[in-house]
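Spelled out, the chains give:
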Amino acid sequence: MRFVDLHVHSTASDGEIPPADVVHCAAKAGLVAVALTDHDTLDGIPQAAAASAEVGVRVIAGCEFSVAAGWGEMHLLGYFLPSDHPGLNRFLAEQRQKRVERAHLIVQRLNRIKVPADVEGVMSEAGDAAVGRPHVARSLVKMRVVRDANEAFDRFLAEGRPAFVPKDLPTVADVSSLVREVGGVTSAAHLGSRATRAFLTELQQAGVDGAEVVHPAHGDHSVRRIRALAKTLRMLPTGGSDWHGDRTMQGRRGQLGSLQVSEAWLDGLEALHRERVAAAETAT
């Protein structure tokens, strides 16, 4: 079989490896395709696409969106996203600005508890990337406030910790509608035990096309259960390592290519993408 990884990150958001290097790593891992799904940005796609031409690994233009759920934040993967759609680019720019504002609030909360964080250090870690809590964690490591990023999350940044700031999130329906509008396809990421039939049906009614079946946080039982539910509901299965090029973070992520995700799953996503593009062309 030929394998793909439909959930990876780069330095365009909170990953640790540049987009081109992600593709080179995918080639070394024996993958035939990889979806670059950075948080709230498509900025890494051009570099990844250039590397794709060099090594022959196909790159799918993707994005991991943060959306509102009953418990708080949920992640929604979008695939086959165009880089030149004004509405999509405007939305992503708005989400990245909210990330900057959140970083300021996190630093303020850290300062209130006498942690010597500063916005400049966080933004220096992020560079041109979509800023996130991992950048705050890395800045705290650099300042020797904590030993590693895991400690930063455990002590300060995770939900329920003193510097946690919730996001201002769009709805699932709004994001899935936008992705459909541009011809893309969506999949609910790493739901784990929350992937009940009732909730997947709710997501489907909100326009979500698939569910992430294979993920490092899913044990064998979860994989079988979610796959069966997706098949019953006629939702597309997806899977990926959620790789960030990790050197400082462990836990819910896997190594690139460590999970066997069939190329046939990518074929299913692409078929729906082509169907939507054809329908849009016919309508115009």
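Refer to the structure printed above.
Quick look at the structure, then. Fair warning: this is a prediction, and the values are worked out from it, not measured in the lab. (Residues numbered from 1 in each chain as written. Predicted model: local features only at pLDDT ≥ 70, side-chain atom pairs only at ≥ 80, totals over all residues. Heavy atoms only, no water.)

## What to know about unusual backbone geometry
With phi around 60°, phenylalanine 80 is a residue other than glycine that occupies positive phi space. Note on placement: phenylalanine 80 falls in the loop between β4 (72–79) and α3 (86–112). On the basis of relative accessible area, phenylalanine 80 is assigned to the buried category, the value being 12%. Of note, the phi angle at histidine 190 is positive, near 30°, even though the residue is not glycine. Relative to the helices and strands, histidine 190 is located in the loop between β5 (185–188) and α8 (197–205). (Helix = DSSP H or I, 4+ residues; strand = E, 2+ residues; numbered from the N terminus. Buried < 20%, exposed > 50% of the residue type's maximum accessible area, 1.4 Å probe, protein only.)

## A word on the layout of surface pockets
Roughly 220 Å³ of volume is contained in the second largest pocket. Contributing elements (two or more residues each) for the lining of the second largest pocket: α9 (220–233) and β8 (261–262). Top contributing element to the lining of the second largest pocket by residue count: α9, with three residues. Its residues assigned to classes, the lining of the second largest pocket comprises eight nonpolar, four polar and two charged. (1 Å grid on protein atoms, 1.4 Å probe; cavity = no way out; pocket = protein on both sides within 12 Å on 5 of 7 lines; lining within 4 Å. Points joined across faces, edges and corners; volume = space filled by probe spheres on them. Nonpolar A, V, L, I, M, F, W, Y, C, P; charged D, E, K, R; others polar.)

## As for helix α6 (residues 149–157)
For α6, the full list of buried residues reads Ala149, Glu151, Ala152, Phe153, Phe156 and Leu157. Of the surrounding elements, those touching the buried residues of α6 are α3 and α5 (133–142). At the N-terminal boundary of α6, the capping side chain belongs to aspartate 148, with an oxygen 3.2 Å from the backbone nitrogen of asparagine 150. (Contact = heavy atoms within 4.5 Å. Polar contact = N/O pair within 3.5 Å; in protein donor to acceptor, adjacent residues only side chain to side chain.)

## Re the sheet that holds strand β2 (residues 33–36)
Here eight strands make up an open sheet; going across it, the order is β7-β6-β5-β4-β3-β2-β1-β8 and the pairing mixed. Single-partner strands in this sheet number two, and they are β7 (236–239) and β8. As judged from the two bridges shared by β5 and strand β6 (residues 210–214), these two strands associate in the parallel manner. Opposite serine 187, over in β6, you have glycine 210 as the bridge partner. The strands touched by helix α2 (residues 45–55) are β2 and β3 (58–69); relative to β3, the strand with the most contacts, the crossing angle is about 150°. (Pairing = 2+ DSSP bridges. Axes fitted to C-alpha atoms, helices over the stretch in contact; angles between N-to-C directions.)

## A look at the environment of alanine 158
Its location among the elements puts alanine 158 in the loop between α6 and α7 (172–181). Note: C-alpha distance between alanine 158 and arginine 133 (25 residues apart in sequence) is 8.8 Å. Setting aside residues no more than four positions away along its own chain, alanine 158 makes contact with Arg133, Phe153 and Phe164.

## Focus on the pairing of β5
The side-chain alternation of β5 yields two buried faces, one formed by Val185 and Ser187 and the other by Thr186 and Ala188. The sheet contact formed by β4 and β5 spans four bridges and is antiparallel. By the bridge assignment, glycine 78 is partnered in β5 with threonine 186. Each parallel crossover has a hand, and for β5 linked through α8 to β6 it is right-handed. (Right-handed = clockwise from strand over helix to strand, strands pointing away.)

## Quick word on the pattern of salt bridges
Taken as a whole, this structure holds eleven salt bridges when the rule is applied. The salt bridge partner of glutamate 125 is lysine 142, with a shortest N-O separation of 2.7 Å. Taken together, the positions of glutamate 125 in helix α4 (residues 119–126) and lysine 142 in helix α5 put the pair 17 residues apart, joining distant regions of the chain. The exposure class assigned to glutamate 125 is partly exposed, which follows from its relative accessible area of 23%. Exposure remark for lysine 142: the relative accessible area of 63% places this residue in the exposed category. Overlapping salt bridges bring together Arg58, Glu270 and Arg274 as one network. (Salt bridge = Lys/Arg side-chain N within 4 Å of Asp/Glu carboxyl O.)

## Section: the packing of aromatic side chains
One pair of aromatic rings is described through two measures. These are the centre distance and the angle between the planes. Taken as a whole and judged by the stated rule, the model has two aromatic pairs. With 6.2 Å between their ring centres and 45° between their planes, phenylalanine 65 and phenylalanine 91 make a pair best called tilted. Taken together, the positions of phenylalanine 65 in strand β3 and phenylalanine 91 in helix α3 put the pair 26 residues apart, joining distant regions of the chain. Overall, the relative accessible area of 14% leaves phenylalanine 91 in the buried class. (Phe/Tyr/Trp six-rings, centres within 6.5 Å; stacked < 30°, edge-to-face > 60°.)

## Topic: empty space enclosed by the protein
Scanning the model with the defined rule gives one cavity of 30 Å³ or more in all. Estimates place the volume of the largest cavity at around 50 Å³. Along the walls of the largest cavity sit Arg99, Arg102, Ala103, Ile106, Val131, Gly132, Arg133, Val136 and Lys167, which together make up its complete lining. Mapped onto the lining of the largest cavity, the elements with two or more residues apiece are α3 and α5. No other element matches the four residues that α3 contributes to the lining of the largest cavity. The class makeup of the residues in the lining of the largest cavity is four nonpolar, one polar and four charged.

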